[in-house]
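Spelled out from the first residue to the last, the chains are:
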Amino acid sequence: MAVAQVPRNFKLLAELEKGEKGMGAGACSYGLEDPEDIYMTHWRGTIWGPPHGQHENRIYELKMECGPNYPKEPPLIHFVSQINLPGVSQTDGKVDKNSVAILRDWTRIATELSKNPRPKEDPLSLEAALIAIRK
């Protein structure tokens, strides 16, 4: 039996509401780059550096792009702020999806979720990606 999948725009609307109302993790915030973006493709996010490390008390800005196949495919993520992290290009700030577990495994997880009922908390979201990068 096939499981109904949430349409892209419905999922992104839910993520937008969560990001704008601050209902997610306190370590990140995110929202649309342009409120007039009816396709909800271009996002901006902020993450705070994790405590007890070289990035503690620092705030980093990111751009995220949710392509037409989101959430089946992961978002493209770029740091706007200069940062020195493994898996982040020093020239354009692009995050290598193979360096972040959730981005690397995104398609596999999406396939598994399409075959089974969705868990209470959706493991594939912009917030989950930001938190994974923050670690």
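What you are looking at is a predicted structure, and each value in this text was computed from that prediction instead of being measured.

Draft legend 1. The arrangement of the environment of Lys 63 in detail. Topologically, Lys 63 is positioned in strand S3 (residues 59-65). Residue classification places Lys 63 among the partly exposed residues on the basis of a relative accessible area of 34%. Not counting chain neighbours up to four residues away, the residues in contact with Lys 63 comprise Glu 33, Trp 43, Arg 44, Leu 76, Ile 77, His 78 and Val 80.

Draft legend 2. Local environment of a nonpolar patch on the surface. A contiguous nonpolar patch, built from Val 6, Phe 10 and Leu 13 and spanning about 290 Å² of accessible area, is present on the exposed surface. In this structure, Val 6 sits in the segment before helix H1 (8-20).

Draft legend 3. Representation of the sheet that holds strand S2 (residues 42-48). Spatially, S1-S2-S3-S4 is the arrangement adopted by the four strands of the open sheet, whose pairing is antiparallel. Two strands bound the open sheet, and with one partner strand each, they are strand S1 (28-32) and strand S4 (76-79). The sheet shows a mean angle of 25° between the axes of neighbouring strands, taken without regard to direction. Both S3 and S4 contribute to a ladder of four bridges, which runs antiparallel. Within S4, the position partnered with Leu 62 by the bridge is Phe 79. Seen against the sheet, H1 touches S1 and S2 and runs at an angle of roughly 130° to S1. Lying on the sheet, helix H4 (residues 126-134) is in contact with S1, S2, S3 and S4; it crosses S1 at an angle near 140°.

Draft legend 4. Local environment of the pairing of S2. Side chains Trp 43, Gly 45 and Ile 47 of S2 all project onto a buried face; the interleaved residues His 42, Arg 44, Thr 46 and Trp 48 project onto a face where none is buried. In terms of strand pairing, S1 meets S2 through five bridges, oriented antiparallel. Following the sheet pairing, Ser 29 is matched in S2 by Thr 46. Relative to S3, S2 is paired through seven bridges, and the arrangement is antiparallel. Its bridge partner being in S3, Ile 47 is matched across the sheet by Tyr 60.

Draft legend 5. How the structure looks around the nonpolar core. Within the largest apolar cluster, 30 residues are counted, with the highest numbers of intra-cluster contacts made by Trp 43, Ile 47, Ile 77, Phe 79, Val 95, Leu 103 and Ile 133. Ignoring any residue separated from it by four or fewer positions in sequence, one finds Ile 47 in contact with Ala 27, Cys 28, Arg 58, Ile 59, Tyr 60, Leu 62, Phe 79, Leu 130, Ile 133 and Arg 134.

What counts and what doesn't
- Residues numbered from 1 in each chain as written.
- Predicted model: local features only at pLDDT ≥ 70, side-chain atom pairs only at ≥ 80, totals over all residues.
- Heavy atoms only, no water.
- Helix = DSSP H or I, 4+ residues; strand = E, 2+ residues; numbered from the N terminus.
- Buried < 20%, exposed > 50% of the residue type's maximum accessible area, 1.4 Å probe, protein only.
- Contact = heavy atoms within 4.5 Å.
- Patch = residues over 30% accessible without salt bridge, like charges linked within 9 Å, V, L, I, M, F, W, Y side chains within 5 Å.
- Areas by Shrake-Rupley, 256 points an atom, 1.4 Å probe, with all protein chains shown as cover.
- Salt bridge = Lys/Arg side-chain N within 4 Å of Asp/Glu carboxyl O.
- Pairing = 2+ DSSP bridges.
- Axes fitted to C-alpha atoms, helices over the stretch in contact; angles between N-to-C directions.
- Core = buried A, V, L, I, M, F, W, Y, C linked by side-chain atoms within 4.5 Å.

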